[in-house]
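Residue-level structural notes
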Amino acid sequence: MSWLTEFVRPKIRTLFARREVPENLWHQCPACQQMIFQRDLIANLKVCPHCGHHMRATAAERLDWLFDADSHIRIELPKPPADPLRFRDTKRYSDRLKEARETTHLDDAILVAHGTIDAHRAVIAAMDFDFIGGSMGAAVGEGIVAAARLAVLQDAPLIAVTASGGARMHEGAISLMQMPRTVIATRMVKEAGLPFIVVLTDPTTGGVTASFAMLGDIHIAETGALIGFAGARVIEQTVREKLPDGFQRAEYLHAHGIVDMVVTRTVMKETLARVIGLLRVPVLEPAKEPEAA
């Protein structure tokens, strides 16, 4: 019986044992509810292959998708005081920052890097909605200013990839001060004769929309992105009218002239490369008249 119990039985149990499937092997699309193999979803840049729904992405993913392979370098951003107002609601702001940093592995809601996009030099400032809703506090303001200075220094276009719920209430008036600061940063880029391109992703709202996000030379929106200032329900209660279908979505804004184009994420890189190539055509010097003999 020892041979049966010690050798045969374990082999049979192994053959018929229930194998556990990893939790992250499949992903369900929130729009069409279809199941997508995780590897296929990543290969398609988190765009549902069934319905085209664009899922939210991190700032690090944005940089990897837009820059040429192994071409970009992140820069270290200035670190403002972490909790200048010692703010507290249901928990301390310092604790919220700590949790967000542990979850996202970011210092704040923005990453800045420089590199090439199809051999065109560029600086990208990408926001991350996973970090306290991508809210704009002093650190994000410092990031936009640093990105603008870097673009001027490198004589490269500045691309802002926005994803934010607006100003960070935990920093009070300090967060509101980032609106004029980021506006000034965009002026630095434009006065240097460099393109400022804004890629609006889901969602871009609040103080970010009311400042630098709407000051680009070219505005490109991802398919289906929510873009606006106040929420639709607040607007409906204010104007006391029913808003049209698709209000504040990328396609509606494009139809009404707010954004220049709506682009699918899978072709965003080549679109940016084409736009940069058009905006950075070298100016030809006027031909000199031949000198008299």
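Residues numbered from 1 in each chain as written. Predicted model: local features only at pLDDT ≥ 70, side-chain atom pairs only at ≥ 80, totals over all residues. Heavy atoms only, no water.

This part covers the overall build of the chain. When helices and strands are tallied, the chain shows ten helices and nine strands. Long-range pairs, those at least 24 residues apart, make up 66% of the contacts in the chain between residues at least 6 apart in sequence. Summing over all exposed atoms, the chain offers an accessible surface of approximately 17000 Å²; the carbon and sulfur share of this is 55%. (Helix = DSSP H or I, 4+ residues; strand = E, 2+ residues; numbered from the N terminus. Contact = heavy atoms within 4.5 Å. Areas by Shrake-Rupley, 256 points an atom, 1.4 Å probe, with all protein chains shown as cover.)

It is worth spelling out the pairing of strand S4 (residues 110-117) at this point. Counted residue by residue, S4 has seven buried out of eight residues, so it is predominantly covered. Alignment of strand S3 (residues 73-74) against S4, held across two bridges, turns out to be antiparallel. The residue of S4 that forms the bridge with Ile73 is His114. Both S4 and strand S5 (residues 120-127) contribute to a ladder of eight bridges, which runs antiparallel. In the sheet register, His114 faces S5, and the bridge partner there is Val123. The loop that links S4 with its antiparallel partner S5 comprises two residues; one of these, Asp118, has a positive phi angle of about 50°. (Buried < 20%, exposed > 50% of the residue type's maximum accessible area, 1.4 Å probe, protein only. Pairing = 2+ DSSP bridges.)

Put simply, Asp202 and Pro203 share a cis peptide bond, and its omega is -10°. Mapped onto the elements, Pro203 comes out in strand S7 (residues 196-204).

With 61 residues, the main nonpolar core has Ile124 and Ile159 as its most contacted residues. Here this core gets eight residues from one element, more than from any other, and that element is helix H5 (residues 138-154). Setting aside residues up to four positions removed in sequence, Ile159 forms contacts with Ile117, Ala122, Val123, Ile124, Ala125, Ile197, Val199, Leu272 and Ile276. If you look at the next biggest cluster of nonpolar residues, it comprises five residues, including Cys29, Ile36, Cys48 and Met55. (Core = buried A, V, L, I, M, F, W, Y, C linked by side-chain atoms within 4.5 Å.)

Once that is clear, we can look at the packing of aromatic side chains. Applying the stated criterion to the full structure yields two aromatic pairs. Where Trp26 meets Phe37, the ring centres are 5.3 Å apart and the plane angle is 55°; that geometry is what we call tilted. Of this pair, Trp26 sits in strand S1 (residues 26-28) while Phe37 sits in strand S2 (residues 35-37), and the two are eleven residues apart along the sequence. Exposure remark for Trp26: the relative accessible area of 45% places this residue in the partly exposed category. Here the aromatic rings of Phe247 and Tyr252 are separated by 5.6 Å at their centres, their planes lie at 65°, and the arrangement is edge-to-face. Phe247 gets classed as partly exposed once you look at its relative accessible area, which sits at 25%. (Phe/Tyr/Trp six-rings, centres within 6.5 Å; stacked < 30°, edge-to-face > 60°.)

Another point: the sheet that holds strand S9 (residues 261-263). Within a beta sheet, neighbouring strands are joined by backbone hydrogen bonds and run either parallel or antiparallel to one another. An order of S3-S4-S5-S6-S7-S8-S9 is seen for the seven strands of this open sheet, with the pairing classed as mixed. Every interior strand has two partners, whereas the edge strands, S3 and S9, have only one. As defined by bridge partners, strand S8 (residues 218-222) adjoins S9 across three bridges and the pair is classed as parallel. Pairing of Ala221 across the sheet is with Val262, part of S9. Sheet strands in contact with helix H3 (residues 59-66) are S3, S4, S5, strand S6 (158-164), S7 and S8, and its direction is about 165° off that of S5. (Axes fitted to C-alpha atoms, helices over the stretch in contact; angles between N-to-C directions.)

For the coordinates displayed, the defined rule picks out 15 salt bridges. The salt bridge partner of Lys79 is Glu76, with a shortest N-O separation of 3.4 Å. Comparing Lys79 with Glu76 shows no difference in burial state: the two are exposed. Between Lys91 and Glu99 there is a salt bridge, and its shortest N-O distance comes to 2.9 Å. Each of Arg56, Asp202 and Arg249 takes part in one network of salt bridges that share partners. (Salt bridge = Lys/Arg side-chain N within 4 Å of Asp/Glu carboxyl O.)

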